[in-house]
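# Tertiary structure, described
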Amino acid sequence: MRAALAPGVRLLRALPRDSRYRGLTLVLTFLCYTSYHLSRKPISIVKSQLHPNCSALGVNPHNGSNSTTWCSWAPFDQDNYKELFGALDNAFLVAYAIGMFISGIFGERLPLRYYLSGGMVLSGLFTALFGLGYFWDIHVLWYFIIMQVCNGLVQTTGWPSVVACVGNWFGKGKRGLIMGIWNSHTSVGNILGSLIAGIWVSSKWGLSFIVPGIIIAAVGVACFFFLVEHPEDVGCSPPLHHVMSEEKDPEGVTSDDGPLGASGHSSAEHSESPKEPSEEPEAISFLEALRIPGVVEFSLCLLFAKLVSYTFLYWLPLYIVNVAHFGAKEAGDLSTLFDVGGILGGIFAGLISDYSGGRATTCCAMLVVAAPMLFLYNRIGQTGIGTSIAMLIVCGALVNGPYALITTAVSADLGTHESLKGNAKALSTVTAIIDGTGSVGAALGPLLAGLISPTGWNNVFYMLIAADVLACLLLARVVVKEVRGWCGYMARKRGYVRQSLAPVLLRTDVCYPVLSLLHLHVGAMPQTIPRAMSHSCGDRDIVGAS
């Protein structure tokens, strides 16, 4: 007797062809970047084992010495071990930041499948080589620095590639929510990396690097065999990146559906017949990508947002060990709660920005709340285990929410901006510019933490709070533009002005207040207005409310 078809197979057959391939792309790119972050995390867990508190272990069993560094791993057994840890972090992060600006250019011109899978295999190699330093009994700093530099360079292949792939498959409609959920790969990778590294950190810390290296290389091989870069490659329909209205927005940011044009309308509502691409569009240059409205502001904002996030990524376990006096494994496990909050924050930020259409406003609001929460965590976060858990989750959500939104939905929005006239070849370059600028902050954060921490952890948190405030201020212009877009959208909803003239009319500083006052005092808009008022409003027709 033959068994019935498996339920999972029946479900796959019931799904449309496009949905199956979109699901495959989401899952595969999720696993790819999860493994990237999984391989980055071990260094922050192993730090406390490279320079542990040897006095707690008693005297040196080999020579009876009571030195406090007898169990440390040279060259990290010196008094300047924090500076050496900072050098390790920055070897990776500076190489990553420099390589990211170049990576996007290569990503636009090379097949993404080869580029991504090759980078993952190489990243696995250099991660494993770092861990082999334990088994080969290597005690020279330059070896670990070189491994970090090489790993930082090859890891730049990841982010532009996965964002470009997802951007190729998904339009703007629910991009914030979809990418908010998808971007949890960052936090999932950090959590898994912490847990895997924690298994061997106290016994054979070299395996804390070798095992993640094997994992990322294996996922890279799977990516080579299964990744589909473009919907057209498998006969699927490409997504609609832009909703074209009768009157284009002069600012290039707002649309009839609210700021950043977040709309879920289908192509059938806006286009009678899809246009066949006549030829492959050319990749845009670095300077052309910088001219896209919003790229500079979001890039600089991400610099400071990533500074805060990566300082936590690399220094939180050591902070917990020094302040709360937990062991290396317990501190690593507790630090994963920050990433749990990051998952929730990324989803929340994506959902709110989709609903409101305001990517910048969502980021700015979360950054404003994050600053006082960081202060509170430093003050009361270690008073009890319950308080520490709650504060880590909240801080993780507020710090990583804006970071996740900018690196995913905002990058994809700007990479398919309407000013590009349908040329999606900018996705990888724009993503690399934004994340590359953010990576400069990611390099500065751990470096500054290493330099400032000897003066006290309070000063480290003051630095993080200042970075949060600066990130918020850099988005001020885009936030104002989004708020003006909302005002125009609400005015059109109420019928104050003719729909086709609303985007132009409502940007004047005089018209909107005058029209609002007329509505309040008269009850309806007059069909004609005095000549002086008409001149101040740009001689445009004004009609009554319907």
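Residues numbered from 1 in each chain as written. Predicted model: local features only at pLDDT ≥ 70, side-chain atom pairs only at ≥ 80, totals over all residues. Heavy atoms only, no water.

## Some words on the overall build of the protein
Tallying secondary structure elements over the protein gives 21 helices and 2 strands in all. Taking all 546 residues of the protein together, the buried fraction comes to 53%. Across the protein, contacts joining residues at least 24 apart in sequence account for 79% of those joining residues at least 6 apart. Per element, the accessible surface of the protein, about 23,600 Å² overall, is 65% carbon and sulfur. (Helix = DSSP H or I, 4+ residues; strand = E, 2+ residues; numbered from the N terminus. Buried < 20%, exposed > 50% of the residue type's maximum accessible area, 1.4 Å probe, protein only. Contact = heavy atoms within 4.5 Å. Areas by Shrake-Rupley, 256 points an atom, 1.4 Å probe, with all protein chains shown as cover.)

## Focus on the packing of aromatic side chains
Centre-to-centre distance and the angle between the planes together describe a pair of aromatic rings. All chains considered together, the criterion is met by 28 aromatic pairs. Between W205 and F209, the aromatic rings sit 6.2 Å apart at their centres with planes inclined by 80°, giving edge-to-face as the arrangement. On the accessibility criterion, F209 (3% relative accessible area) is buried. Here the aromatic cluster, defined as three or more aromatic residues joined through ring pairs, consists of W73, F76, Y81, F85, F130, Y134, F135, W142, Y143, F144, W205 and F209. Here R113 stacks its cationic end above the ring of F224, 4.9 Å away from the centre of that ring. (Phe/Tyr/Trp six-rings, centres within 6.5 Å; stacked < 30°, edge-to-face > 60°. Lys NZ or Arg CZ within 6 Å of the ring centre and 35° of its normal.)

## Overview of the side chain of N183
Tracing the chain through its elements places N183 in the loop between α8 (175-182) and α9 (185-200). Residue classification places N183 among the buried residues on the basis of a relative accessible area of 7%. In this structure N183 touches W159, A404, T407 and T408, once residues within four positions along its chain are discounted.

## Here's the deal with the pattern of salt bridges
On inspection of all chains with the given rule, the structure shows 4 salt bridges. A salt bridge links D435 to K306, with the nearest nitrogen and oxygen atoms 2.7 Å apart. Here K306 lies in helix α12 (residues 295-324) and D435 lies in helix α16 (residues 427-452), a separation of 129 residues in the sequence. Judged by its relative accessible area of 2%, D435 is buried. (Salt bridge = Lys/Arg side-chain N within 4 Å of Asp/Glu carboxyl O.)

## Some thoughts on the state of the cysteines
Linking two cysteines covalently through their sulfur atoms gives a disulfide. Applying the stated rule across the entire model yields 0 disulfides. Not part of a disulfide, C165 finds its nearest cysteine sulfur in C223, a span of 7.3 Å. (Disulfide = S-S within 2.5 Å.)

## Describing the nonpolar core
Counting residues in each nonpolar core, the largest one holds 114 residues, and the members touching the most others are F144, F312, Y377 and L464. The leading source of residues in this core is α12, at 16 residues. (Core = buried A, V, L, I, M, F, W, Y, C linked by side-chain atoms within 4.5 Å.)

## Overview of helix α5 (residues 112-135)
For α5, with 24 residues, the first-to-last C-alpha span of 35 Å sits near the 34 Å given by 1.5 Å per residue. D137 occupies a position one or two residues after α5 and carries a positive phi of about 55°. (Expected span 1.5 Å × (residues − 1).)

## A short note on the packing of helix α7 (residues 158-169) against α16
Relative orientation and spacing of two packed helices are given, respectively, by the angle between their axes and the distance between those axes. Between α7 and α16, whose axes approach to 8 Å, the crossing angle comes to 135°. Overall, the two elements α7 and α16 adopt an arrangement that is oblique. In this structure, the crossing between α7 and α16 has a hand that is right-handed. From α7, W159, P160, V163, A164, G167 and N168 reach across to α16, where they touch L427, S428, T431, A432 and D435. Looking at the contact of α7 with α16 residue by residue, the classes come out as 6 nonpolar, 4 polar and 1 charged. (Axes fitted to C-alpha atoms, helices over the stretch in contact; angles between N-to-C directions. Parallel < 35°, antiparallel > 145°, perpendicular 65-115°, else oblique. Left-handed = near helix turned anticlockwise from the far one by under 90°. Nonpolar A, V, L, I, M, F, W, Y, C, P; charged D, E, K, R; others polar.)

## Details of the side chain of S335
Structurally, the position occupied by S335 is in helix α13 (residues 328-356). Taking the relative accessible area as the measure of exposure, S335 reaches 1% and is therefore buried.

## A few points about the packing of helix α2 (residues 17-40) against α9
Interaxial distance between α2 and α9 falls to 7 Å at its minimum, and their mutual angle equals 45°. The angle between α2 and α9 falls in the class oblique. Relative to α9, the crossing made by α2 is right-handed. Residues F30, Y33, T34, H37 and L38 of α2 pack against H185, T186, V188, G189, N190, L192, G193 and I196 of α9. Of the residues contributing to the contact of α2 with α9, the split by class is 6 nonpolar, 7 polar and no charged.

## So, helix α3 (residues 42-50)
Here α3 lies mainly inside the structure; 8 of its 9 residues are buried. Looking at α3, one finds that the buried residues are P42, I43, S44, I45, V46, K47, S48 and L50.

## A word on the environment of R379
Residue position: R379 is located in helix α14 (residues 359-380). For the pair R379 and F461, spaced 82 residues apart in sequence, the C-alpha separation works out to 9.9 Å. In this structure, R379 is in contact with N458 and Y462, ignoring residues within four places of it in sequence.

## What about the confidence of the model for the protein?
Summarising the model, the protein shows a mean pLDDT of 77, and 74% of its residues fall at 70 or more. The low-confidence segment residues 242-278 (pLDDT under 50) makes 61 contacts with residues lying over four places distant or belonging to another chain. Taken as a whole, residues 497-546 scores under 50 in pLDDT and shows 59 contacts with residues more than four places along the chain or in a different chain. (pLDDT = per-residue confidence, 0-100.)

## Concerning unusual backbone geometry
Residue P75 is reached from A74 by a cis peptide bond, and omega for that bond is 10°. Within the secondary structure, P75 is located in the loop between α3 and α4 (81-109).

## Observations concerning a nonpolar patch on the surface
On the surface, a cluster of nonpolar side chains totalling about 680 Å² of accessible area is made up of L24, Y114, V121, V221, F224, F225 and F226. Taken together, the elements giving at least two residues each to the nonpolar patch come down to α5 and α10 (207-226). For the nonpolar patch, the leading source of residues is α10, giving 4 residues. For F224, the location among the structural elements is in helix α10. (Patch = residues over 30% accessible without salt bridge, like charges linked within 9 Å, V, L, I, M, F, W, Y side chains within 5 Å.)

## Thoughts on the environment of A217
Residue position: A217 is located in helix α10. As a C-alpha pair, A217 and G119 span 98 residues in sequence and 8.9 Å in three-dimensional space. Sequence-distant contacts of A217, that is, excluding residues within four places in its chain, are made with M120 and V121.

## So, the environment of I105
Along the polypeptide, I105 turns up in helix α4. Counting along the chain gives 181 residues from I105 to F286, while the straight-line C-alpha distance between them is 7.8 Å.

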